[in-house]
Amino acid sequence: MPDLGHDKENQADTGSGAAPQSRISRRQVMTASAVVAGVGLASVPARAEAGTGGQAVSLGEPGTTTIEFRGRVTQSGSSGQSFTSFGYLIRASHADDSGLFDGTPISEATVLLTAYATGDLQARTVDMSVHALDIVGTMTVYQRKQPGASFDDPSSFRVGTPVARYDMTLQDVLTVFAPDTGLPTLTGDMLQTAAHALSGPLAGQTFGLRGTRLRFFATGLGNRTDPAPHAQLEIAGNWSIE
């Protein structure tokens, strides 16, 4: 993710401080995550964990975008190896605004579906002004009964009922264009490992299907806050069905 201004090339860090001996392919990580979660990688997603009578939110035809979101990312840890992301959904397939927001304008303060993710750095490559990071993590989607999330309080994006969970492997390609400032492009794979029933205006539907594979995309603006490197990133993006 941000990793702005880091000057050590080909350095790999993890949460425990151990350095991987080789670069991990995204497909290898996704396959391993699926085995741990007991999820098959069949081309047809497994049934949702809670049956419903409506179309599942966030699903669609292969190749279509089904979720749009806004969020923030913070990079922390002794060597910038830890990532936390939090944000909210601004569009979801098979859900209208009444199921996504309670009030106006559309913002984190009125949203009802939020997302919270954590990840660890697996590899880092720095070459002049273009940095590449490989990150592995998990993300949970929450449904709130009442709005009230705030970017000033990251924990507010974990309030409510967990309705979906994903394993994620991402690459962050950062283009540094000014001191401590860069433009990130995040892409990667998502595998849904849990799908639960929704309530309120979306009652009768689940959020996705367990076993669904998706593609992640986001871009935004990153700012380094200290040389560790620690950074903060504002992003927007989408998920699409594989």
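Just so we're clear, the structure is a prediction, and the values are computed from it rather than from any experiment. (Residues numbered from 1 in each chain as written. Predicted model: local features only at pLDDT ≥ 70, side-chain atom pairs only at ≥ 80, totals over all residues. Heavy atoms only, no water.)

Engineer: Could you clarify how one ought to interpret a nonpolar patch on the surface in this entry?
Structural biologist: Where nonpolar side chains cluster on the molecular surface, the patch consists of Phe-177, Leu-183 and Leu-221 and spans about 280 Å² of accessible area. If you trace the backbone, Phe-177 turns up in strand E5 (residues 161-178). (Patch = residues over 30% accessible without salt bridge, like charges linked within 9 Å, V, L, I, M, F, W, Y side chains within 5 Å. Areas by Shrake-Rupley, 256 points an atom, 1.4 Å probe, with all protein chains shown as cover. Salt bridge = Lys/Arg side-chain N within 4 Å of Asp/Glu carboxyl O. Helix = DSSP H or I, 4+ residues; strand = E, 2+ residues; numbered from the N terminus.)

Engineer: Teacher, can you tell me more about the packing of aromatic side chains here?
Structural biologist: Two aromatic rings, taken as a pair, are described by how far apart their centres are and by the angle between their planes. Using the criterion set out here, one finds 6 aromatic pairs in the structure. On the basis of an interplanar angle of 45° and a centroid distance of 6.2 Å, the ring pair of Phe-86 and Phe-151 is categorised as tilted. Highlighted residues: Phe-86 in strand E2 (residues 82-92) and Phe-151 in the loop between strand E4 (130-143) and E5, separated in sequence by 65 residues. For Phe-151, a relative accessible area of 16% puts it in the buried group. Between Phe-86 and Phe-157, the ring centres sit 5.6 Å apart and the planes meet at 40°, which makes this aromatic pair tilted. In this pair, Phe-86 sits in strand E2 while Phe-157 sits in the loop between E4 and E5, placing the two residues 71 residues apart along the sequence. (Phe/Tyr/Trp six-rings, centres within 6.5 Å; stacked < 30°, edge-to-face > 60°. Buried < 20%, exposed > 50% of the residue type's maximum accessible area, 1.4 Å probe, protein only.)

Engineer: What is the right way to look at the nonpolar core in this model?
Structural biologist: Soluble globular proteins tend to bury their nonpolar side chains together. Judged by nonpolar contacts, the single largest core of 45 residues is most densely connected at Tyr-166, Phe-207, Phe-216 and Trp-239. Residues contacting Tyr-166, with those up to four places away along its chain left out, are Ser-58, Gly-137, Thr-138, Met-139, Val-141, Met-190, Leu-191, Gln-192, Thr-193, Phe-207, Leu-214 and Trp-239. (Core = buried A, V, L, I, M, F, W, Y, C linked by side-chain atoms within 4.5 Å. Contact = heavy atoms within 4.5 Å.)

Engineer: Even after reading the chapter, I still don't get the environment of Leu-209, so can you show me in this structure?
Structural biologist: If you trace the backbone, Leu-209 turns up in the loop between strand E6 (181-195) and strand E7 (213-226). Given a relative accessible area of 23%, Leu-209 falls into the partly exposed group. In the structure, Leu-209 is positioned 45 residues away from Ala-164 in sequence and 8.6 Å away in space, judged by C-alpha atoms.

Engineer: What exactly am I supposed to notice about the pattern of salt bridges here?
Structural biologist: Where charged atoms from two side chains of opposite charge approach closely, those side chains can pair. All told, the structure shown has 6 salt bridges when counted by the stated rule. Across the salt bridge formed by Glu-234 and Arg-70, the nearest N and O atoms sit 2.4 Å from each other. With Glu-234 in strand E8 (residues 230-241) and Arg-70 in strand E1 (residues 65-76), this residue pair connects regions lying 164 residues apart in the sequence. On the accessibility criterion, Glu-234 (37% relative accessible area) is partly exposed. A relative accessible area of 30% places Arg-70 in the partly exposed class. Here Arg-213 and Glu-242 are joined by a salt bridge, their closest N and O atoms 3.8 Å apart. Here the residue Arg-213 occupies a position in strand E7, and Glu-242 occupies one in the segment after E8, the gap between them amounting to 29 residues. Since its relative accessible area comes to 35%, Glu-242 is described here as partly exposed. It is possible to trace a salt-bridge network through shared partners that takes in Arg-70, Arg-72 and Glu-234.

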